[in-house]
Amino acid sequence: MTEFQQTLTEMIRARNPVLLVETQEPDRVVSAIESIISSGVIPRGRQLVLYSLTRGLHSPGGNPGKRALPEDALLETMKVAQPTVFVFQDLHHQLGANGRPAEPAVIRAVLDVATEFRSGPIAHTLVIVAPQITLPVDLEKTVSVIDLPLPTEAEIGKALDNFLETNEGSIRVNLSDSDRRRMVQAAQGLTLGEAENAFARAVVSDRVLDESDVGLILEEKRQTIRKSGLLEFVPSKVSLDEIGGLDNLKRWLMRRDSAWQSDASDWGVPAPKGLLVTGVPGCGKSLTAAAVSAQWGLPLLRLDIGRVFSGLVGSSEQNMRNALRLAEAVAPSILWIDEIEKGFGTARQSGGDSGTSTRVLGTFLTWMQEKQAPVFVMATANKIDALPPEFLRKGRFDEIFFVDLPTAEERREIWRVHLADHLNPPSRAGGIVDPQNVDALQELSSASEGFSGAEIAQAVISSCFDAFADRRSVRQDDLLRSIENTVPLSVTQAEQIRAIREWASERAVSATSKKARSDYLTKPEIGGSPDVSGWRGGRTIEF
């Protein structure tokens, strides 16, 4: 039995009168109840009766019954003499779904049914199936809520086997055990119906199912995640090698590669929880999140906190739970929250939203502390001091890294990466500036002291525009002129950067190793920001 079936069995045997299952898959609920009844784990003699607005009360697979209003159908259930499990669909429309007021007659009918089913002589159970619902306050103490998680890997594997058996002879299957496992994992996060649609789409063009169809399954998952409106599936092809500097952070990430695999548990290694990266804007925090996804080979899901909050009371908390449930269904995965302080930094002053921000934050923090699914949380923040203190305590994240302005060596590497990206092949924009020219890179690094990685990238792009306007190659003086015309953040926001550094000096680990930071430790000022000679770039922990 699945965990859902076990919980459902216990609820029915305990005579809980009214159960609520929030799901988009009513057929799975019906199938689970049929399995419970047929297996005999609940007292024999129970029957199953379904209800919908169009078919009324009817038996599974039987003819439609007499159409009836929900309150009339609910009252009709109390007249049934045989112990029955009633599964009601469409009831959420009358119980306040989509911001509509609940109908008092339906609320009263549910309460009457609960009283009769709990203490009456016949053991009935009412199961309400709804995609999403906020219960009226009258029913909060009466209705027991059960979560139906998205299909497990085993359930999707069974659905794939059923699909292949149904289409045996009409399609050709060329899947090794490894290919089949990858296909099933690619379908995780989909409902059973969506998974079956994805398998059908994979074979419709060539009548062949093979490892090349895994991409189509992933595309179906992207569509599903996009439709949720809460998470965004972000494809990533950026490797850690394409990020200049941050050697300490890279080593930490590389040491945790493959920690999701089953053999890691043999070493007593748990799946990593997550990482919080803070620092100066434009220094590679968000780019690192994308690179981790490519390095580890895990799907990257971006959570937009702004989408979580909506106008309906109670729906923001439900949106957060739905987003986290979807991330777990796709696991192992990476949940990326960019500039997290903008979403949760207002939780301290949540009086204006009736405490919604605080409740959403509480839901997220509890999940981070207790989650069992291998979901790695990758969060970035520019103003980390705006986050509530409970967000930063140990157990939420494995480590907090600080990303500072790049050192001279890191700037050389950043210049090399961006020059190679924009000026190769030479026919595109250049030929005069060589990304491998050590002397040229050294000159650019020295001239761009105090620049962030984003500012260096923009300087290269600006030089390409200048060269394109004259239809010529990019020259070294173009790059130097772009540097001269740029006022970096280290000058315009010197006070803010100093404040970030002071916060990180004892609370975060430097993303750059101590050796690579040596040039910073000997300079009286960096990029026009004075009084940093005593700063050590965060705790000197090396990985």
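Residues numbered from 1 in each chain as written. Predicted model: local features only at pLDDT ≥ 70, side-chain atom pairs only at ≥ 80, totals over all residues. Heavy atoms only, no water.

## Here we look at the side chain of Lys-250
At step 1: Its location among the elements puts Lys-250 in helix α9 (residues 247-255).
At step 2: Among the polar contacts listed, one links the side chain of Lys-250 to the backbone oxygen of Leu-240, at a separation of 3.1 Å.
At step 3: Apart from residues lying up to four places away in sequence, Lys-250 is in contact with Leu-240, Ile-243, Gly-244 and Gly-245. (Helix = DSSP H or I, 4+ residues; strand = E, 2+ residues; numbered from the N terminus. Polar contact = N/O pair within 3.5 Å; in protein donor to acceptor, adjacent residues only side chain to side chain. Contact = heavy atoms within 4.5 Å.)

## What about the nonpolar core?
At step 1: One finds Leu-335, Phe-344 and Phe-364 to be the most contacted residues of the largest nonpolar core, which totals 40 residues.
At step 2: With six residues, helix α14 (residues 356-370) is the largest single contributor of residues to this core.
At step 3: Those residues in contact with Phe-364 that lie beyond four places of it in its chain are Met-320, Leu-324, Leu-335, Ile-337, Phe-344, Val-377 and Phe-391.
At step 4: Counting residues in each nonpolar core, the second largest holds 29 residues, with Trp-260, Met-378, Leu-405 and Ala-511 among its members. (Core = buried A, V, L, I, M, F, W, Y, C linked by side-chain atoms within 4.5 Å. Buried < 20%, exposed > 50% of the residue type's maximum accessible area, 1.4 Å probe, protein only.)

## Topic: the pattern of salt bridges
At step 1: This structure, assessed with the given rule, holds 17 salt bridges.
At step 2: Residue Glu-76 is joined to Lys-79 by a salt bridge in which the shortest nitrogen-to-oxygen separation is 3.7 Å.
At step 3: On the accessibility criterion, Lys-79 (64% relative accessible area) is exposed.
At step 4: The salt bridge involving Asp-470 is made with Arg-472; its shortest N-O contact spans 3.4 Å.
At step 5: Within this structure, Asp-470, Arg-472, Asp-478 and Arg-481 form a network of salt bridges that share partners. (Salt bridge = Lys/Arg side-chain N within 4 Å of Asp/Glu carboxyl O.)

## Quick word on the sheet that holds strand β12 (residues 333-337)
At step 1: On the basis of which strands lie adjacent, the open sheet formed by seven strands has the order β9-β11-β12-β13-β10-β14-β15 and mixed pairing. The open sheet is flanked by β9 (231-233) and β15 (509-510), the only strands paired with a single partner.
At step 2: By the bridge criterion, two bridges tie strand β14 (residues 399-403) to β15 in an arrangement that is parallel. When the sheet's bridge partners are listed, Phe-402 is paired in β15 with Ser-510.
At step 3: Here α14 sits on the sheet in contact with β12 and β13 (375-381), set at roughly 130 degrees to β13. (Pairing = 2+ DSSP bridges. Axes fitted to C-alpha atoms, helices over the stretch in contact; angles between N-to-C directions.)

## Some thoughts on the sheet that holds strand β1 (residues 18-22)
At step 1: Read from one edge of the open sheet, six strands run β3-β2-β4-β5-β1-β6, paired in mixed fashion. Edge positions in the open sheet fall to β3 (56-58) and β6 (143-147), since each of these has one partner strand only. Across this sheet, the average inter-strand angle for adjacent strands is 25 degrees, counted without regard to direction.
At step 2: In this sheet, β3 lies alongside strand β2 (residues 47-52) in antiparallel orientation, the contact comprising three bridges. Paired with Tyr-51 across the bridge in β3 is Leu-57.
At step 3: Each of β2, β3, β4 (84-88) and β5 (125-130) is contacted by helix α3 (residues 70-77), which is oriented at about 175 degrees to β4, the strand it contacts most.

## Section: the environment of Gly-61
At step 1: Positionally, Gly-61 belongs in the loop between β3 and α3.
At step 2: Judged by its relative accessible area of 87%, Gly-61 is exposed.
At step 3: Residues Gly-61 and Leu-50, spaced 11 residues apart in sequence, show a C-alpha to C-alpha distance of 9.8 Å.

## Observations concerning the packing of aromatic side chains
At step 1: Overall, the coordinates contain 10 aromatic pairs when judged by the stated rule.
At step 2: A centroid spacing of 4.6 Å and a plane angle of 25 degrees characterise the contact between Tyr-51 and Phe-88, whose relative ring orientation is stacked. Of the two residues, Tyr-51 sits in strand β2 while Phe-88 sits in strand β4, which places them 37 residues apart along the sequence.
At step 3: Taken together, a centroid distance of 5.7 Å and an interplanar angle of 40 degrees make the contact between Phe-391 and Phe-397 tilted.
At step 4: On the basis of relative accessibility, which here comes to 0%, the residue Phe-391 falls in the buried class.
At step 5: Overall, the relative accessible area of 5% leaves Phe-397 in the buried class.
At step 6: An aromatic cluster is built from Phe-344, Phe-364, Trp-367, Phe-391 and Phe-397, whose rings are joined through pairwise contacts.
At step 7: The ring of Trp-252 is capped by Arg-256, whose NZ or CZ atom sits 3.9 Å from the centre of that ring.
At step 8: Lys-371 extends its terminal NZ or CZ atom over the ring of Trp-367, reaching a point 5.6 Å from the ring centre. (Phe/Tyr/Trp six-rings, centres within 6.5 Å; stacked < 30°, edge-to-face > 60°. Lys NZ or Arg CZ within 6 Å of the ring centre and 35° of its normal.)

## Quick notes on helix α5 (residues 153-166)
At step 1: With 14 residues, α5 should reach 20 Å at 1.5 Å per residue; the first-to-last C-alpha distance of 20 Å fits that figure.
At step 2: The complete set of buried residues in α5 reads Ile-156, Gly-157, Ala-159, Leu-160, Phe-163 and Leu-164. The arc that holds every buried residue of α5, seen down its axis, measures 160 degrees, which confines them to one face. Of the residues in α5, the exposed ones pointing more than 90 degrees away from the buried face are Ala-154, Lys-158, Glu-165 and Thr-166. (Expected span 1.5 Å × (residues − 1). Arc of directions from axis to C-beta.)

## Description of the packing of helix α12 (residues 315-329) against α14
Any two packed helices are characterised by the angle at which their axes cross and by the distance between the axes.
At step 1: Contact geometry of α12 with α14 gives a least axis separation of 9 Å together with a crossing angle of 20 degrees. The angle between α12 and α14 falls in the class roughly parallel. Here α12 and α14 pass one another in a crossing that is right-handed. Residues Ser-316, Glu-317, Met-320, Arg-321, Leu-324 and Glu-328 of α12 lie in contact with α14, whose contacting residues are Thr-356, Arg-359, Val-360, Thr-363, Phe-364 and Trp-367.
At step 2: Across the contact of α12 with α14, the residue classes tally to five nonpolar, three polar and four charged. (Parallel < 35°, antiparallel > 145°, perpendicular 65-115°, else oblique. Left-handed = near helix turned anticlockwise from the far one by under 90°. Nonpolar A, V, L, I, M, F, W, Y, C, P; charged D, E, K, R; others polar.)

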